[in-house]
Amino acid sequence: MAGFRRSVSSLSALATFEAAARLVGFTKAAEELGVTQAAVSRQIKLLEVELNTPLFIRGHRKVELTPAGAVLARALTGAFDQVAEAIDTIRRPAAANTVTFGATLGFMHFWLLPRLPAFRAAHPEVQLRLISQDAGFDARRDAIDVLIHYGTAPFDGARCLATLPDVVFPVAAPRLSGLDKPLEQLPLIGCEWLEPSWLSWRRWAQLAGQAPLQKANALRFTQYTDAVYAAVGGEGVALGWQSLIGPHLNDGRLVRLGNLEVVPEERHSLLVPTTRTQNRGARKLTQWLVEAFGAQQA
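Peer 1: Help me out: how do you make sense of the overall build of the chain in this one?
Peer 2: Summing up its helical and strand segments, the chain has ten helices and twelve strands in all. Since a compact globule built from 298 residues should have a radius of gyration of about 19 Å, the 26 Å found for the chain marks it as more spread out than a globular shape. By residue count, 41% of the 298 residues in the chain fall in the buried class. In the chain, the share of contacts with a sequence separation of at least 24, taken over all contacts with a separation of at least 6, comes to 76%. Put simply, the chain has 31 plus and 27 minus side-chain charges, and the middle of one group is 5 Å from the middle of the other.

Right, here's the structure in full:
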């Protein structure tokens, strides 16, 4: 921050310039900022003096950005948008029916989103804020009301309301299902898991009682969703978590390869932070998730 303040002394001048550039006018910027047009003009002039370059071409009743002004405007708009998003992320909603829910990208994409219309139809008053990240959540510090964690107990700072066990097996597009080859000879699609509890091909083979897989993955992804869609596209064989890719099996986009499967110790666990009191919306969401977990296991 000290280095930034050495480059530009006035954050107010930057905010004024960003508004004028975005709205293409000093008068509109003044209206948005709640100041006079003269104050906007003065702030921008001071910024131009400090930067030793013109930022606007002033014409009759209109202004245009100079090339230097356009460069600065793009940078500031992107930076201010990131700051606004960060503030929205950390600001805890106060509404009684607003719920912040967190899960991995794979769980959110494959499990929750297909079921989300049913929840919203049953509880239209609940406002959901959904956060997808594979790095995991800290129930003690993150502003989260309900989360799904894949792993095993204990869960620091959270209590578990329900679990969803899983089965993991190789899956591929139907056109690869007829290849009578061992896994070692098939193109394997792997993931670079941020969470070590998710199975790799090597660990899956070990738990399945197979010889260690020595062949490198033909494709590696940082997101499980990408690995699944690569398998759907016929690029190779991926590991399939039954609870996540069940619909792809049901509609024939993916098929199981062989009969080998692994029931991992890790499960999808429905957690709520112990340090946070659930509002009405969070209670409705957790009850719905408990019932949905139970229905899937029935």
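Peer 1: Would you mind showing me how to read helix α8 (residues 224-232) here?
Peer 2: An α-helical segment advances 3.6 residues per turn. Residues three or four places apart therefore align on the same side. Taken together, the buried positions of α8 are occupied by Tyr224, Thr225, Ala227, Val228, Ala230 and Ala231. Packed against the buried residues of α8 are α6 (105-122), β7 (168-172), β8 (189-191), β9 (219-221), β10 (238-241) and α9 (242-250). Once α8 finishes, Gly234 follows within two positions and takes phi at roughly 85°, a positive value.

Peer 1: When you look at the side chain of Glu48 in this model, what are you seeing that I'm missing?
Peer 2: The topology assignment puts Glu48 in helix α4 (residues 37-51). The class of Glu48 is buried, set by a relative accessible area of 6%. A polar contact is formed between the side chain of Glu48 and the backbone nitrogen of Leu55, at a distance of 2.7 Å. Beyond its immediate chain neighbours, meaning those up to four positions away, Glu48 contacts Thr53, Pro54, Leu55, Phe56 and Arg58.

Peer 1: Explanation requested: the sheet that holds strand β3 (residues 98-103) in the structure shown.
Peer 2: Whether parallel or antiparallel, the strands of a sheet pair through hydrogen bonds between backbone atoms. Overall, mixed pairing links the five strands, which are arranged β4-β3-β5-β12-β6 in an open sheet. Each end of this open sheet is capped by a strand with a single partner; those strands are β4 (127-132) and β6 (158-164). Pairwise comparison of adjacent strand axes, ignoring direction, gives a mean angle of 25° for this sheet. Two strands pair when backbone bridges link them, and strand β5 (residues 146-151) and strand β12 (residues 267-273) are joined in this way by five bridges, in the antiparallel orientation. Residue pairing for β12: Tyr150 is matched across the bridge by His268. Helix-sheet contacts for α6 involve β3, β4, β5, β6 and β12, and the interaxial angle to β4 is about 165°. Against the sheet, helix α10 (residues 280-297) contacts β3, β4, β5, β6 and β12, and its axis sits at roughly 30° relative to β6.

Peer 1: Explain the sheet that holds β10 to me, please; I cannot follow it from the model alone.
Peer 2: The strand order across the open sheet built from three strands is β10-β7-β11, with neighbouring strands paired in antiparallel fashion. Either end of the sheet is taken by a strand with one partner, and the two such strands are β10 and β11 (255-256). Where β7 lies against β10, four bridges are found, and the strand directions are antiparallel. Bridging from a neighbouring strand, Val171 pairs with Ala238 of β10. Strand contacts of α8: β7 and β10, with the helix running at about 110° to β10, the strand carrying the most contacts.

Peer 1: Looking at this structure, how should I read the nonpolar core?
Peer 2: Grouped burial of nonpolar side chains is what soluble globular proteins tend to show. The biggest cluster of nonpolar side chains holds 54 residues, and the ones touching the most others in it are Phe101, Trp111, Val146, Trp204 and Trp241. For Trp111, the contacting residues outside a window of four places in its chain are Gly106, Leu164, Ser243, Leu244, Trp288, Leu289, Ala292, Phe293 and Gln296. In terms of nonpolar packing, the next biggest core, distinct from the first, is built from 18 residues, Ala19, Ala30, Phe56 and Ala73 among them.

Peer 1: Can you walk me through the environment of Ala68 in this structure?
Peer 2: Among the secondary structure elements, Ala68 is positioned in helix α5 (residues 67-90). According to the relative accessible area criterion, Ala68 is partly exposed, its value standing at 32%. Separated by 17 residues in the primary sequence, Ala68 and Leu51 have C-alpha atoms spaced 10.0 Å apart.

Each value, and the rule that gives it
- Residues numbered from 1 in each chain as written.
- Predicted model: local features only at pLDDT ≥ 70, side-chain atom pairs only at ≥ 80, totals over all residues.
- Heavy atoms only, no water.
- Helix = DSSP H or I, 4+ residues; strand = E, 2+ residues; numbered from the N terminus.
- Rg over C-alpha atoms; globule rule 2.2 N^0.38 Å.
- Buried < 20%, exposed > 50% of the residue type's maximum accessible area, 1.4 Å probe, protein only.
- Contact = heavy atoms within 4.5 Å.
- Lys, Arg positive; Asp, Glu negative; His and termini not counted.
- Charge placed at Lys NZ, Arg CZ, Asp CG, Glu CD.
- Polar contact = N/O pair within 3.5 Å; in protein donor to acceptor, adjacent residues only side chain to side chain.
- Pairing = 2+ DSSP bridges.
- Axes fitted to C-alpha atoms, helices over the stretch in contact; angles between N-to-C directions.
- Core = buried A, V, L, I, M, F, W, Y, C linked by side-chain atoms within 4.5 Å.

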